[in-house]
Structures are given as C-alpha cells and as structure tokens.
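The residues making up each chain are set out below.
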Amino acid sequence: MSYRLYIPGPITVSDDTFRAMTQGMIGHRSKDFVKLYESVQPGLQKIMATQDPVYLSTSSSWGVMEGAIRNIVGKKVLCCMNGAFSDKWLDVAKRCGKEAVGLKFDWGKPVCPDAVRKELSAGGFDAITLIHSETSTGTLSPLADIMQVVREFPEVISIVDTVSSFTTVPVLKDELGVDVMLSGSQKALALPPGLALLSVSERARQRAAAQTDRGYYFDFLEFQANHEKGMTPSTPAISLIYALQHKVAQILAEGIENRYARHLRLNEKVRAWGKARGFSLFPGEQFGTRGLNCFNNDREVSLEAVNQALKSRFNLVIDGGYGKLKGKTFRISNMGDETDATIDALIGALDTVFGELGA
Ligand SMILES: *Cc1c(COP(=O)(O)O)cnc(C)c1O
C-alpha cells in the first residue's frame, strides 16, 4: 500500500529518506549516537535561525506542546485560538491544571497583534501560545508583528508552534524573540511521524527551573542536561534521527532560501489551480499559509467521491476538511519534497476527477 499523500501531514516520505532510516542501530549512550546528535545541531540551529539548542523529542508535536505548558506556565497563559490545533492548546493547558485564557478569532482569521496587546495588558500573564501556521484552516498569522507585541511584555514567555510552517517560510527565532519554538517531523520535513523538534531560550529554561511540576519526559532541564552531553533524556527514535540527519543535509544543500522559494512557487501553483476552478481560499489570499492551501468547497463537490477516485485511480490522497470544516473545505499540502512535476501530476489528476464529477 503506497499513496502519495497531499494531506497536511503526514506527507509522502521519499525513498532516499527511508533508506537513511535503515542504518544500523546504535546505543543511545554511545559515541556514535553523540556524533549523530551533534551532527544535526548546527544545521537545525541554522534553519531555525537560533543560537539556542534544538532538542529532539521522541513524540509527536503534541508531546512538546503539552511539555511547554508544563515547563513554562507559572501564573497564567494566553492561548491564541484560530483553528483546531490552537483551540486545542487551551484545552491542553487547562488539563495540565494551568490557569489559561483563550483569545479567540474566527477560524480562518489570523491572530491579530493588537488584540494580543490588549489581552496581555490586562496583566497576570507569564506565557503565550501561538500557532504560526494553523494547519486546520491553512491560515498564517503575522508572527513578526505578534512577536513585536509580545516583547513589550518581558515577563511573557512565548511558545510558538511552527509545525506546518517550519522550512516553508522563514522563521527567524532569535531575531523575533521566540522563546520556545517547536515543530514535528511529519509535516514539511517530510519524515515519518514520531519526532518533534524543540528549541528553548535561556530565559525559558530559567522559567522552567522555577516550575515544580515539569514531570520527567518533557522536562526542559532534562533535555538541556542531556543535550550538553550530545544525548536525549531517554532512548530516542534513532531511525528518525538518521532520517533527520539526511533531511538537514538535504535542506542545506538545496539552500534554505531556495526551499522557501520552491514552497511558495508550488503553493501558488495549487492556489491558482483552485482559483481557476472556482474554489476560493478559506482564509483569504492574504493570510493563506505556504505549505498547504485550504479551499472552500464552493462548488459543493462530494469530497469523499473525489478522494475515492484520486486514491483508486491515481494513488493520491488530499484532505477533505478538518473537524467542523469537514466537507466544507479541502486541503492540499505542498510541503516537503514536492516538485513542479509532482504538483503538475497532482493537478492533472484533480482536473480529471473534478471534471468527471461535474465540478
Ligand atoms: C500536525 C500539527 C500538530 C499536531 O501534531 P501531532 O504530530 O499530531 O502531535 C500541531 N500543530 C500544528 C500546527 C499541526 O499542523
């Protein structure tokens, strides 16, 4: 069973990445592992534009999203909400027993910097969560403008999810003043699921040190102590780290700017296809993210029928809408290793299938 996945994660993993994963197993306390771990650091720091360490967590992104809450929130967290993932983060903060306030925007609207200022000005907050690219709605929030506001409140530690924006658009962590930046393996990195990346600033680590209920598995101080030895707190998904090593080298070889340009070009290509076929962008052109497009199902096509035909005849899968947007929107990923040729093939298949279904 093998499909090309154009859902916004997990996405298609290339054969060369799979091959990188099949290298022999090594002990996670061995010199070989230290070499592997340390080999990915400079590249990851370069890609994140940070001097801070980049920890490797054997978990999906939610592991470190929850972990960040437990490590960082002492008083009260402001959770910016504009889609399924960001909405959920408020719930997760509450389940961790934290005082949490939601700053709600309609799904498909970006997070508004002025609204963030107004809320933080009310006082009492020592953390904020923000999703840069809300994958459920394909919406990109203006991170630089928001971070400028957050920096007006020195006691507020920023936790930024870049899961579906990472390596598709620039995110200059240190320059923006992002304290905790996280991402996952199965989105634009085009690795299998199971690994999360987490870069934590010095001041965020200091905050973590003051929390008494950090737990163990996602404890930032454990990550740091092990990082200093070139290791992870517990046995990591070593195969995925091999894949990461391969991917980091590939990204640097392509050139990070070229990678952004490729994502933009392919994203525009799919966007133009949708527009030409009468499908508007759910978040509006201005706020559409660049690793995927979320279209309104303006022509009320049966997305189940579309996907059934795409899968059985072309071995392709797109997404038929997330959560309450199921059936009302559809999402097409252009993250990872896609090329003009693969996106052209996808568009050809979409045209055939949509055409036959009378759309
Ligand atoms: C996919 C995704 C997540 C959740 O990732 P898991 O790997 O399922 O934990 C979180 N945030 C965003 C923005 C995502 O796209």
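Each remark here, short or long, concerns the structure printed above.
Report follows, based on the coordinates. (Residues numbered from 1 in each chain as written. Predicted model: local features only at pLDDT ≥ 70, side-chain atom pairs only at ≥ 80, totals over all residues. Heavy atoms only, no water.)

### Remarks on the site of the ligand
No. 1: In the vicinity of the ligand, the residues found are Ser60, Ser61, Trp62, Met65, Phe85, Ile131, Ser133, Thr135, Asp161, Val163, Gln186 and Lys187.
No. 2: In this structure, tryptophan 62 approaches the ligand through a main-chain N or O atom, which is 2.9 Å from an oxygen atom.
No. 3: Between glutamine 186 and the ligand, the recorded distance is 2.7 Å, taken from a side-chain N or O atom to an oxygen atom.
No. 4: Against a free-state accessible area of 380 Å², the protein chains account for coverage of 89% of the ligand.
No. 5: If you tally residues by element for the shell around the ligand, the top one is helix α3 (residues 61-72), at three residues.
No. 6: The residue makeup of the shell around the ligand, split by class, is five nonpolar, five polar and two charged. (Near = heavy atom within 4 Å. Polar contact = N/O pair within 3.5 Å; in protein donor to acceptor, adjacent residues only side chain to side chain. Areas by Shrake-Rupley, 256 points an atom, 1.4 Å probe, with all protein chains shown as cover. Helix = DSSP H or I, 4+ residues; strand = E, 2+ residues; numbered from the N terminus. Nonpolar A, V, L, I, M, F, W, Y, C, P; charged D, E, K, R; others polar.)

### Some thoughts on the packing of helix α2 (residues 31-48) against helix α10 (residues 238-254)
No. 1: Put simply, α2 and α10 touch, their axes get as near as 9 Å, and they point 40° apart. Considering their axes alone, α2 and α10 lie oblique with respect to each other. Crossing hand, α2 versus α10: left-handed. Residues Phe33, Leu36, Ser39, Val40, Gly43, Leu44, Lys46 and Ile47 of α2 touch α10, and the partners they reach there are Ile238, Ile241, Tyr242, Leu244, Gln245, Val248, Ile251 and Leu252.
No. 2: Taken together, the residues of the contact of α2 with α10 break down into twelve nonpolar, three polar and one charged. (Axes fitted to C-alpha atoms, helices over the stretch in contact; angles between N-to-C directions. Parallel < 35°, antiparallel > 145°, perpendicular 65-115°, else oblique. Left-handed = near helix turned anticlockwise from the far one by under 90°. Contact = heavy atoms within 4.5 Å.)

### Observations concerning the side chain of asparagine 293
No. 1: If you trace the backbone, asparagine 293 turns up in strand β11 (residues 292-296).
No. 2: Overall, asparagine 293 belongs to the buried group, its relative accessible area being 1%.
No. 3: Of note is the side chain of asparagine 293, whose polar atom sits 3.0 Å from the backbone oxygen of asparagine 267.
No. 4: If near-sequence neighbours (up to four positions away) are discounted, asparagine 293 is found in contact with Asn267, Val270, Arg271, Leu281, Phe330, Arg331, Ile332 and Asn334. (Buried < 20%, exposed > 50% of the residue type's maximum accessible area, 1.4 Å probe, protein only.)

### Let's talk about the environment of aspartate 161
No. 1: Note on placement: aspartate 161 falls in strand β8 (residues 157-161).
No. 2: Here aspartate 161 falls in the buried class, since its relative accessible area comes to 3%.
No. 3: Sequence separation between aspartate 161 and tyrosine 3 is 158 residues; the distance between their C-alpha atoms is 28 Å.
No. 4: Once residues within four sequence positions are removed from consideration, aspartate 161 is found in contact with Met65, Trp89, Leu130, Ile131, His132, Ser133 and Leu182.
No. 5: Of the polar contacts made by the side chain of aspartate 161, one reaches the backbone nitrogen of valine 163; its length is 2.8 Å.

### Overview of the pairing of strand β10 (residues 196-200)
The two faces of the sheet receive side chains in turn, since in a regular strand these alternate between them.
No. 1: Among the five residues in β10, five count as buried, and that is most of the element.
No. 2: Burial of β10 is two-sided: the residues Ala196, Leu198 and Val200 facing one way and the residues Leu197 and Ser199 facing the other way are all buried.
No. 3: The pairing of strand β2 (residues 54-57) with β10 spans four bridges and is antiparallel. Of the residues in β10, the one forming a bridge with leucine 56 is leucine 197.
No. 4: The pairing of strand β9 (residues 180-184) with β10 spans five bridges and is classified as antiparallel. Each bridged residue has a counterpart across the sheet, and for valine 180 the counterpart in β10 is valine 200. (Pairing = 2+ DSSP bridges.)

### Digging into α3
No. 1: With twelve residues, α3 extends 16 Å from end C-alpha to end C-alpha; this agrees with the ideal 16 Å at 1.5 Å per step.
No. 2: In terms of residue burial, α3 counts as a mostly covered element, since nine of its twelve residues are buried.
No. 3: Of the positions making up α3, those classed as buried are Ser61, Gly63, Val64, Met65, Gly67, Ala68, Ile69, Asn71 and Ile72. (Expected span 1.5 Å × (residues − 1).)

### Details of the pattern of salt bridges
No. 1: Applying the stated criterion across every chain yields a total of 22 salt bridges.
No. 2: Its salt-bridge partner being arginine 262, residue glutamate 254 comes within 2.6 Å of it at the nearest N-O pair.
No. 3: Put simply, arginine 313 and glutamate 356 hold a salt bridge, and the shortest N to O gap is 2.7 Å. With arginine 313 in helix α12 (residues 303-314) and glutamate 356 in helix α13 (residues 340-356), the pair connects residues that are 43 residues apart, well separated along the chain.
No. 4: The exposed category is assigned to glutamate 356, whose relative accessible area is 53%.
No. 5: Each of Arg265, Lys269, Asp340 and Asp344 takes part in a single network of salt bridges with overlapping partners. (Salt bridge = Lys/Arg side-chain N within 4 Å of Asp/Glu carboxyl O.)

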